[in-house]
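Results of the structural survey
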Number of protein chains: 2
Amino acid sequence: MTGAQRPTLEAVARRAGVSRATVSRVVNGSTTVAEPIQEAVRQAVAELGYVPNLAARTLVTQRTDSIALVMPEEATRVFSDDQVFPGIIRGAAQELEAADKQLVLMLAGSPAGHERVERYTTGRHVDGVLFASLHGADPLPAKLAALGIPVVCSGRPLDGADIPYVDVDQVAGVTRAVRHLIDGGRRRIATIAGPQDMVAGIERLTGYRETVTAAGLPEMVAVGDFTRESGAAAMRELLADHPDLDAVFAASDLMAHAAMRTLREAGRRVPDDVAVIGFDDIETAAYTDPPLTTVRQPIVELGRQGTRLLLRLAAGEDVEPALILPTELIIRESA
Amino acid sequence: MTGAQRPTLEAVARRAGVSRATVSRVVNGSTTVAEPIQEAVRQAVAELGYVPNLAARTLVTQRTDSIALVMPEEATRVFSDDQVFPGIIRGAAQELEAADKQLVLMLAGSPAGHERVERYTTGRHVDGVLFASLHGADPLPAKLAALGIPVVCSGRPLDGADIPYVDVDQVAGVTRAVRHLIDGGRRRIATIAGPQDMVAGIERLTGYRETVTAAGLPEMVAVGDFTRESGAAAMRELLADHPDLDAVFAASDLMAHAAMRTLREAGRRVPDDVAVIGFDDIETAAYTDPPLTTVRQPIVELGRQGTRLLLRLAAGEDVEPALILPTELIIRESA
DNA sequence: TTGTACGCGTTATCAT
DNA sequence: ATGATAACGCGTACAA
């Protein structure tokens, strides 16, 4: 029982004994239609099970009622148990639901994928584009903005493009974490930094550097890419280079988790010998051994606010150039 | 520098000195166009930066080139560090990318959300719908199928509807896990079951029951909802009811993780006093203390295969009624 | 307040 | 092989 012709505006009009235009008005909530007629139309709509054809509507209104969420897809990272990207998806979905718009999810990992995203978004097939933290200085956001397409980034764009963005106050969060270590008497504080082609990686390292330097303490840095594997490798590197370290700030909880395990394997006790602090506050953080002290970022809220900003932009409003959300230091037992 | 009119087929045609129809043919890869003309058209397309208007195309072709991925959204579950849903998203995205189609993500948690999904999908705004594991006996898949809309479920539909689905062999996976416990000499094997309104929860419990019963062992069951919190509560319940248990099979890694912690807090050693096995093999499983023995399910592959099935269905092919993927017992140190 | 008529950009059906 | 031309379903000036 397939292809039963979908009813069109025309069919509803016939049924209700009015013109297409009137039906269109009722469907779109115009107030200039007499009440009894509205009622008749609504009845016909219900009887026929009429649903507007979005393609036709888009063709004339030039709106698609959908926005794209673009995420970098490193095969291994985006959907490991890192909760950052899922959190952003969820926040965006919530906000779009309220606005009755669709979420088109695009992964832009491979060059082919990136090309595809570019084709799709520049083709104006969406009303706006929300970029989740990109790698390097991707020129696409600026390109879209130049085309007049609403764009918002999650995380400050690295190429300095003048694109509205939402982010958490990375430096402040890291500063609080490192201060906490210092206040706890730690003096040889290392860091496992995030990837230096992502703004979150860069800023968290900056926060570390500024804070230890201001305290007159030495810098000890190893670089990872936010994953557990990289965290373990970085921790081994730090232990080899600085066997006397007494604390580690890791730029992600996953790296912190792996670092704790590596420390234990090396015979160091956490936090007695080495204190560890992470960043993110993923759910697992409360279940590590010992439970992880970490900097919580409101990741779902980031997705929501970014989407809200985008919707306002798409509605033609002026928006603030940046929206910075606060972080919170969650003190558990690892530091 | 905004709204610069997008070039249309008409503009390209003028530029290339041919008709709209010819440009359309070239753009859509028809072979019946003379080579030199093809070249001229392609040049014009490139110069003008022409991109087809999808709405116009959809209007006439009746295809949208997008499919919907519908997920239940329990505020807490879908995007916690459970990797099931992100994994399905990723698999679907990969497969759709290859097919050059878009992924429209819809969360159907609230009644309002569910209603929205229904409106959108029945409105034929997508070429097909992939449902991620649903709660209870949702009538929507069957309703869509009755409308002739291609539908595939991830996980067997609970209402017995005749919808094609993909799933892993839950019972076989659980059986292997419980057997492993029995082979290791365990005789008082409890389970922390998943929610009994989801097919994965039901089947994993079935697998447990069948296996322990076949071995002449007693059943000890507590029910959770796949989350850590519920796992901890269930473990406490089991300890209270059956203090002499010597093994636990948990229907998710998150619950297994929490169970291990609860066991330790109760003074039981894992695996010496109580062996623990989970289900999923999320990344964290390798990093728990001790590392978790678990049943791995190929979750990304599930998303891929489901999407592939859906695409074939949308292409008018006949497809097999079900596709069952194998699981694998990953033996680590908890059992 | 309601209806008429046009146009949105594309593909498909015919002729040629 | 190519070009007119008619849909596709809707929103909206404009007319009544």
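- Under the annotation held in an unreviewed UniProt entry, chain A carries the name LacI family transcriptional regulator and is attributed to Micromonospora craniellae.

**Structural notes on the protein's contact with DNA strand D**
- Lining the immediate surroundings of DNA strand D are 26 residues, of which Leu 9 and Tyr 50 of chain A together with Thr 22, Ala 34 and Ile 37 of chain B lie closest.
- Considering the 4 Å shell around the protein, atoms of DNA strand D inside it are sugar or phosphate in 61% of instances.
- Ser 24 of chain A is positioned with one of its side-chain polar atoms (N or O) 2.9 Å from a phosphate oxygen of DNA strand D.
- Separating a phosphate oxygen of DNA strand D from a backbone N or O atom of Ser 19 of chain B is a distance of 3.1 Å.

**A few points about the protein's contact with DNA strand C**
- The immediate surroundings of DNA strand C are formed by 26 residues, with Thr 22, Arg 25 and Ile 37 of chain A together with Leu 9 and Tyr 50 of chain B found nearest.
- Put simply, 68% of the atoms of DNA strand C that lie within 4 Å of the protein are in sugar or phosphate.
- Ser 24 of chain B has a polar side-chain atom sitting 2.6 Å from a phosphate oxygen of DNA strand C.
- For the surface near DNA strand C, the elements supplying multiple residues, two or more each, are α2 (20-27) and α4 (54-61) of chain A together with α2 (20-27) and α4 (54-61) of chain B.
- For the surface near DNA strand C, the element with the highest residue contribution is α4 of chain B, accounting for 5 residues.
- Here the residues of the surface near DNA strand C sort into 14 nonpolar, 8 polar and 4 charged.

**Re the packing of helix α10 (residues 228-241) of chain B against helix α11 (residues 253-265) of chain B**
Residue and element names in this part refer to chain B.
- Interhelical geometry of α10 versus α11 gives an angle of 50° and a closest axis separation of 7 Å. As judged from the angle between their axes, α10 and α11 are oblique. For the pair α10 and α11, the sense of crossing is right-handed. The residues of α11 that touch α10, namely those facing Arg 228, Ser 230, Gly 231, Ala 232, Met 235, Arg 236 and Leu 239, are Leu 254, Met 255, His 257, Ala 258, Ala 259, Thr 262 and Leu 263.

**Brief notes about the nonpolar core**
- Leu 69, Met 71 and Leu 103 of chain A together with Leu 69, Met 71 and Leu 103 of chain B are the most contacted members of the largest nonpolar core, which has 50 residues in total.
- In contact with Leu 69 of chain B, not counting residues within four places along its chain, are Ile 88, Ile 89, Ala 92, Leu 103, Val 104, Leu 105, Met 106 and Leu 130 of chain B.

**Focus on the UniProt feature "domain: HTH lacI-type" (unreviewed entry) in chain A**
- As recorded in UniProt, the sites labelled "domain: HTH lacI-type" (unreviewed entry) are residues 7-61 of chain A.
- Measuring from the first to the last C-alpha atom of residues 7-61 of chain A gives 20 Å, for a span that is 69% helix and 0% strand.

**What to know about the side chain of Thr 121 of chain B**
Residue and element names in this part refer to chain B.
- Along the chain, the position of Thr 121 falls in helix α6 (residues 111-122).
- By relative accessible area, which is 0% here, Thr 121 ends up buried.
- Among the polar contacts made by the side chain of Thr 121, one reaches the main-chain carbonyl oxygen of Glu 118 at a distance of 3.4 Å.
- When sequence neighbours within four positions are dropped, the list of residues in contact with Thr 121 reads Ala 68, Val 126, Val 129, Leu 144 and Ile 149.

**Quick look at the interface of chain A and chain B**
- With 57 residues of chain A at the contact, the number on the chain B side is 58 residues.
- Looking at the side of chain A facing chain B, the largest losses of area belong to Arg 90, Arg 116 and Tyr 287 of chain A, adding up to 14% of the total buried there.
- Along the contact surface separating chain A from chain B lie 8 salt bridges.
- Across the pair Asp 289 of chain A and Arg 264 of chain B runs a salt bridge whose closest N-O atoms are separated by 3.7 Å.
- Our count for the chain A to chain B interface comes out at 18 residue pairs in polar contact (both at pLDDT 80 or more).
- Looking at the side of chain A that touches chain B, the elements that each hand over two or more residues are α4, α5 (84-99), β2 (102-107), α6 (111-122), α10 (228-241) and α11 (253-265) of chain A.

**Things to note about the packing of aromatic side chains**
- Within this structure, the stated rule accounts for 2 aromatic pairs over all chains.
- For the pair Phe 249 of chain A and Phe 279 of chain A, a centre-to-centre distance of 6.5 Å together with 75° between the ring planes defines the contact as edge-to-face. Here Phe 279 of chain A lies in strand β9 (residues 275-280) and Phe 249 of chain A lies in strand β8 (residues 247-250), a separation of 30 residues in the sequence.
- By relative accessible area, Phe 249 of chain A is classed as buried at 0%.
- Classification of Phe 279 of chain A by relative accessible area gives buried; the value is 0%.
- Directly above the ring of Tyr 287 of chain B sits Arg 228 of chain A, whose terminal nitrogen or CZ lies 4.7 Å from the centroid.
- Taking the ring centre of Tyr 287 of chain B as reference, the NZ or CZ of Arg 261 of chain A above it sits at 4.9 Å.

Rules used in this analysis
Residues numbered from 1 in each chain as written. Chains lettered and ligands numbered in written order. Predicted model: local features only at pLDDT ≥ 70, side-chain atom pairs only at ≥ 80, totals over all residues. Heavy atoms only, no water. Near = heavy atom within 4 Å. Polar contact = N/O pair within 3.5 Å; in protein donor to acceptor, adjacent residues only side chain to side chain. Helix = DSSP H or I, 4+ residues; strand = E, 2+ residues; numbered from the N terminus. Nonpolar A, V, L, I, M, F, W, Y, C, P; charged D, E, K, R; others polar. Axes fitted to C-alpha atoms, helices over the stretch in contact; angles between N-to-C directions. Parallel < 35°, antiparallel > 145°, perpendicular 65-115°, else oblique. Left-handed = near helix turned anticlockwise from the far one by under 90°. Contact = heavy atoms within 4.5 Å. Core = buried A, V, L, I, M, F, W, Y, C linked by side-chain atoms within 4.5 Å. Buried < 20%, exposed > 50% of the residue type's maximum accessible area, 1.4 Å probe, protein only. UniProt positions renumbered as here; feature names shortened; annotations may be inferred. Buried area = accessible area lost by both parts, 1.4 Å probe. Salt bridge = Lys/Arg side-chain N within 4 Å of Asp/Glu carboxyl O. Phe/Tyr/Trp six-rings, centres within 6.5 Å; stacked < 30°, edge-to-face > 60°. Lys NZ or Arg CZ within 6 Å of the ring centre and 35° of its normal.

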